[in-house]
Amino acid sequence: MSAAEATAETVTRDPAKAQNRDVVEGAGFSLEIGEEQREIRDWVHTFAAEVIRPAAHEWDEREETPWPVIQEAAKIGLYSLDFFAQQWLEPTGLNIPMVMEELFWGDAGIGLSIVGTTLASVAVVANGTPEQLGEWSPQMFGTPDDVKVAAFCSSEPDAGSDVGAMRTRAIYDEAKDEWVINGTKTWATNGGIADVHVVVASVDPELGTRGQASFVIPPNTDGLAQGQKFHKHGIRASHTAEVVLNNVRVPASCLLGGKEKLDERLARAREGTRSSGSGNASMATFEASRPSVGAQAVGIARAAYEVALDYAKTRVQFGRPIVENQGIAFKLADMKTSIDASRLLVWRAAWMARSGKRFESAEGSMSKLYAGETAVRVTGEAMQILGGNGYTREYPVERMARDAKIYTIFEGTSEIQRLVIARTISGHKIP
């Protein structure tokens with residue numbers, strides 16, 4: 001009896017197995033991306049290879065926002081609300097991670113300058129109304145002839161991982177139907193140079209993180225100013241600065257989600273009940289963005305791996321390419337395995353988020369944690385493979401290693417990701 005006949009006979013005897021086989025055969029499961037997805041990926045890759053990479057070293061050295069590159073991206077429709085919205089709404093959830101990976105394969109600093117605005121836009125999506133999204137998101141990107149950027153402002157000098165320590169206050173002025181905001185934000189991508197800022201503030205400090213809300217600060221609002229600009233170890237082409245808010249007044253309509261929704265949420269919090277949402281403006285944004293951040297780290301790691309692989313195949317020592325040494329070959333094998341594993345974790349989390357599936361085991365945090373640490377490890381190994389050359393700015397892996405480190409720090413440190421995962425899988429409140 002052939003294997004196929006034996007399987008058929010077994011299934012005939014066991015209807016449950018027959019049903020399972022039908023489910024598997026009918027599911028159409030595949031990890032192969034579609035033709036349209038490949039076209040988008042290749043289009044972004046071409047831009048990264050032809051426009052971003054040649055400019056990467058210059059803007060890293062200048063430590064300035066690469067406006068000419070952003071403008072080029074806007075001209076071809078890559079930097080636009082329509083493009084990112086289309087990728088975000090794509091049904092598999094994989095387009096945004098693929099776009100992020102290719103841009104950051106080009107360069108992380110320039111890549112972050114191009115996609116930094118999307119974090120503010122995601123904050124509006126996560127916390128705002130459709131009307132607010134329609135009003136503010138177009139202003140965040142501007143037009144190809146008049147490019148704009150936006151900033152999401154959550155972290156503070158004394159409130160990074162400890163979001164509950166936030167001191168920025170928003171007080172409602174009922175007589176004028178306005179919110180008055182005071183405080184200082186830090187580590188804000190595009191902070192101070194943005195046209196639109198989205199600021200997280202405490203409206204009821206006694207409620208901790210559940211007493212916070214997000215506000216849109218329109219362009220040219222009095223009282224908002226850029227504070228210190230940070231000179232960073234990596235991602236230096238991305239502008240990072242403090243944002244100082246001194247009696248900033250915004251209309252009530254700038255409260256994301258609206259006052260009625262906020263009042264209901266605060267009332268539930270005071271009663272000790274938990275809402276169906278995240279209950280926290282910062283966390284709602286980070287939950288939606290973590291797989292995308294993981295994809296950025298995958299792009300950096302992949303870029304460094306490719307440089308190291310090419311170098312190992314062409315660098316000759318003791319009469320043969322160094323890739324023929326197990327010490328080098330095994331490093332490359334481990335690098336490639338970790339990169340592919342990171343991508344799969346990112347894709348799973350992105351697919352779950354797009355499909356509306358709950359992160360039962362903190363899959364979003366898993367993807368960001370593993371991809372971020374992979375980027376640090378892979379770029380470090382790439383420098384090791386290149387030896388002294390890898391330590392110089394003549395080769396890009398030195399820059400990639402500097403860029404990679406932030407992925408274990410921002411958008412939730414590796415330690416915070418582990419805490420989220422541990423709490424989720426254990427069901428215990430681990431301090």
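Residues numbered from 1 in each chain as written. Predicted model: local features only at pLDDT ≥ 70, side-chain atom pairs only at ≥ 80, totals over all residues. Heavy atoms only, no water.

Before we move on, could you go through the side chain of S342 and cite the residues and values that matter?
Relative to the helices and strands, S342 is located in helix α11 (residues 326-354). Judged by relative accessible area, which is 1%, S342 ranks as buried. Discounting chain neighbours no more than four positions away, the residues touching S342 are V298, Y370, A371 and T374. (Helix = DSSP H or I, 4+ residues; strand = E, 2+ residues; numbered from the N terminus. Buried < 20%, exposed > 50% of the residue type's maximum accessible area, 1.4 Å probe, protein only. Contact = heavy atoms within 4.5 Å.)

With reference to specific residues and values, describe unusual backbone geometry.
Only a minority of non-glycine residues have a phi that is not negative, and only a minority of peptide bonds are not trans. For N247, which is not glycine, the phi dihedral falls at a positive 55°. With respect to the secondary-structure elements, N247 resides in strand β9 (residues 240-251). For F318, which is not glycine, the phi torsion reads 55° and is therefore positive.

For the pairing of strand β3 (residues 150-153), give the residues involved together with the corresponding values.
Both faces of β3 are covered, namely the face carrying A150 and F152 and the face carrying A151 and C153. Of the pairings in the sheet, the one linking β3 to strand β6 (residues 196-202) comprises four bridges and is parallel in character. Residue pairing in the sheet places A150 in a bridge with V196 of β6. (Pairing = 2+ DSSP bridges.)

Got a sec to walk through the pattern of salt bridges? Specific residues and values, please.
Going through the model one piece at a time under the given rule, you end up with 29 salt bridges. With its nearest N and O atoms 3.0 Å apart, the salt bridge here joins R302 to E102. Taken as a pair, R302 in helix α10 (residues 281-314) and E102 in helix α6 (residues 95-106) lie far apart in primary sequence, 200 residues in all. Residue class for R302 comes out buried when judged on its relative accessible area of 12%. Here D107 makes a salt bridge to R399, at a shortest N to O gap of 2.9 Å. Residue D107 is located in the loop between α6 and α7 (108-127), and its partner R399 is located in helix α13 (residues 397-404); the two are separated by 292 residues in the primary sequence. Owing to a relative accessible area of 4%, D107 belongs among the buried residues under this scheme. The exposure class assigned to R399 is buried, which follows from its relative accessible area of 10%. (Salt bridge = Lys/Arg side-chain N within 4 Å of Asp/Glu carboxyl O.)

Can you lay out helix α9 (residues 259-271) for me, pointing to particular residues and giving the numbers?
With 13 residues, α9 extends 18 Å from end C-alpha to end C-alpha; this agrees with the ideal 18 Å at 1.5 Å per step. Among the residues of α9, L262, R265, L266 and A269 are the ones counted as buried. Angularly, the buried residues of α9 cover 100° about the axis, an arc narrow enough to put them on a single face. Opposite the buried face of α9, by more than 90 degrees, sit the exposed residues E260 and E271. (Expected span 1.5 Å × (residues − 1). Arc of directions from axis to C-beta.)

Help me get a handle on the packing of aromatic side chains, residues and values and all.
Evaluation of the coordinates by the stated rule reveals nine aromatic pairs. On the numbers, 5.6 Å between centres and 65° between planes, the contact of W43 with F83 is edge-to-face. Of this pair, W43 sits in helix α3 (residues 35-62) while F83 sits in helix α5 (residues 81-89), placing them 40 residues apart in sequence. With a relative accessible area of 33%, W43 lands in the partly exposed category. Ring centres of Y311 and Y395 lie 6.1 Å apart, and the angle between their planes is 90°; on these two criteria the pair is classed as edge-to-face. One end of the pair, Y311, is in helix α10; the other, Y395, is in the loop between α12 (363-386) and α13, with 84 residues separating them in the sequence. The exposure class of Y395 is partly exposed, given its relative accessible area of 30%. The rings of W43, Y79, F83, F84 and F141 are connected pair by pair, giving a single aromatic cluster. Between R53 and the ring centre of W105, over which it is positioned, the NZ or CZ distance is 3.5 Å. (Phe/Tyr/Trp six-rings, centres within 6.5 Å; stacked < 30°, edge-to-face > 60°. Lys NZ or Arg CZ within 6 Å of the ring centre and 35° of its normal.)

So what's going on with the environment of C153? Residues and values would help.
Within the secondary structure layout, C153 lies in strand β3. Judged by relative accessible area, C153 falls into the buried class, the value being 0%. Residues within four places of C153 in sequence aside, it is in contact with K185, A188, H197, V198, V199, V200 and V243.

How would you sum up a nonpolar patch on the surface? Please name residues and give values.
Among the surface-exposed residues, F29, L31 and L344 lie close enough to one another that they form a single nonpolar patch of about 380 Å² accessible area. Checked against the element boundaries, F29 lands in the loop between α2 (15-27) and α3. (Patch = residues over 30% accessible without salt bridge, like charges linked within 9 Å, V, L, I, M, F, W, Y side chains within 5 Å. Areas by Shrake-Rupley, 256 points an atom, 1.4 Å probe, with all protein chains shown as cover.)

Outline the pairing of strand β4 (residues 169-173), supporting the account with residue identities and numerical values.
The side chains of a regular strand alternate between the sheet's two faces. Two strands pair when backbone bridges link them, and β4 and strand β5 (residues 178-189) are joined in this way by five bridges, in the antiparallel orientation. Residue pairing across strands places D173 opposite E178, the latter belonging to β5.

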